[in-house]
Number of protein chains: 2
Amino acid sequence: NRHEWVAAASLTVGAAAIGYLAYKTLYSKDKGSKLLVNLDIQKDNPKVVHAFDIEDLGDKAVYCRCWRSKRFPMCDGSHTKHNDETGDNVGPLIIKKREA
Amino acid sequence: NRHEWVAAASLTVGAAAIGYLAYKTLYSKDKGSKLLVNLDIQKDNPKVVHAFDIEDLGDKAVYCRCWRSKRFPMCDGSHTKHNDETGDNVGPLIIKKREA
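On a predicted model such as this, the values are computed, not experimentally measured, just so you know.

Caption draft 1: Main features of the sheet that holds strand 1 (residues 48-53) of chain B. If you walk across this open sheet you meet the three strands as 2(A)-3(A)-1(B), and the pairing is mixed. Two strands in the sheet have a free side with no partner beyond their single neighbour: strand 2 (60-63) of chain A together with strand 1 of chain B. Pairs of neighbouring strands in the sheet enclose a mean axial angle of 15°, with direction left out of account. The pairing of strand 3 (residues 90-96) of chain A with strand 1 of chain B spans five bridges and is classified as parallel. Bridge pairing links Lys96 of chain A to Asp53 of chain B in strand 1 of chain B.

So, in structure tokens, the structure goes:
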């Protein structure tokens, strides 16, 4: 009768939803490799590459590697906030004169 | 009776599961900022920073900014595979002599 029908239908829906949920949590571990590194810098550019001539460098240049800097490609310390928020451990690249 | 009870119970479970699923998909858009940039380089190091002296640089040095290079901190082209797999657009940092 109608009752049984409703019970069967919602039971299936419930089971399917929970099954899907369990599947997603169990098999989401390789999702790591699907993560974007750069969220919003020059997204219209297919590959964001920067080149600098050594002759133009001052005593010390700190380059961003976390892609969160507002002064990208230079570091502005944004990696600290990123690392705190995500538990990541990224930091910049420093190119400097030996004594600097 | 028992039938009604079973129908009500599974209906709630189904609704709760679907509600949770809808919530997660709708509100996961800011998850972007939760993403890790560095998945497996020196994860025991709280902040991975590299420094090089200009005097030690050759004509050209290409530094990785995608954190997937097997030769990190140097670039080994891994950004291409990363960009293809994720639709990202990251690329390296090049420090070179003017003529190089």
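Next comes the rest of the account.
Caption draft 2: Spatial organisation of the relation of the copies chain B and chain A. Placing chain B over chain A gives an RMSD of 0.2 Å and needs a rotation angle of 180°, together with 0.0 Å of translation along the axis. On the angle and the small slide along the axis, the relation comes out as a two-fold axis. Of the residues that chain B buries at the interface, 100% are likewise interface residues in chain A, meaning the two copies contact each other through the same surface.

Caption draft 3: Highlighting the pairing of strand 2 (residues 60-63) of chain B. All names here are of chain B. A one-sided burial pattern is seen for strand 2, the buried positions being Ala61 and Tyr63 and the unburied ones Lys60 and Val62. Direction of pairing for strand 2 relative to strand 3 (residues 90-96): antiparallel, over a ladder of four bridges. For Val62, the partnering residue across the bridge sits in strand 3 and is Ile94.

Caption draft 4: Broad picture of the interface of chain B and chain A. Taken together, the contact between chain B and chain A spans 65 residues of the former and 65 residues of the latter. Interface area for chain B against chain A, summed over the two sides, is near 5,400 Å², with a carbon-plus-sulfur share of 60%. When the area that chain B buries against chain A is broken down by residue, the three leading residues are Ile54, Arg65 and Asn89 of chain B, summing to 14%. Joining chain B to chain A, the criterion identifies eight salt bridges. Here chain B is connected to chain A by 42 residue pairs in polar contact (both at pLDDT 80 or more). For the side of chain B that touches chain A, the secondary-structure elements that each account for two or more residues are helix 1 (2-26), strand 1, helix 2 (78-86) and strand 3 of chain B. Of the residues belonging to the side of chain B that touches chain A, the class tally is 31 nonpolar, 17 polar and 17 charged.

The rules behind each value
- Residues numbered from 1 in each chain as written.
- Chains lettered and ligands numbered in written order.
- Predicted model: local features only at pLDDT ≥ 70, side-chain atom pairs only at ≥ 80, totals over all residues.
- Heavy atoms only, no water.
- Pairing = 2+ DSSP bridges.
- Helix = DSSP H or I, 4+ residues; strand = E, 2+ residues; numbered from the N terminus.
- Axes fitted to C-alpha atoms, helices over the stretch in contact; angles between N-to-C directions.
- Least-squares fit on C-alpha atoms with pLDDT ≥ 70 in both.
- Contact = heavy atoms within 4.5 Å.
- Buried < 20%, exposed > 50% of the residue type's maximum accessible area, 1.4 Å probe, protein only.
- Buried area = accessible area lost by both parts, 1.4 Å probe.
- Salt bridge = Lys/Arg side-chain N within 4 Å of Asp/Glu carboxyl O.
- Polar contact = N/O pair within 3.5 Å; in protein donor to acceptor, adjacent residues only side chain to side chain.
- Nonpolar A, V, L, I, M, F, W, Y, C, P; charged D, E, K, R; others polar.

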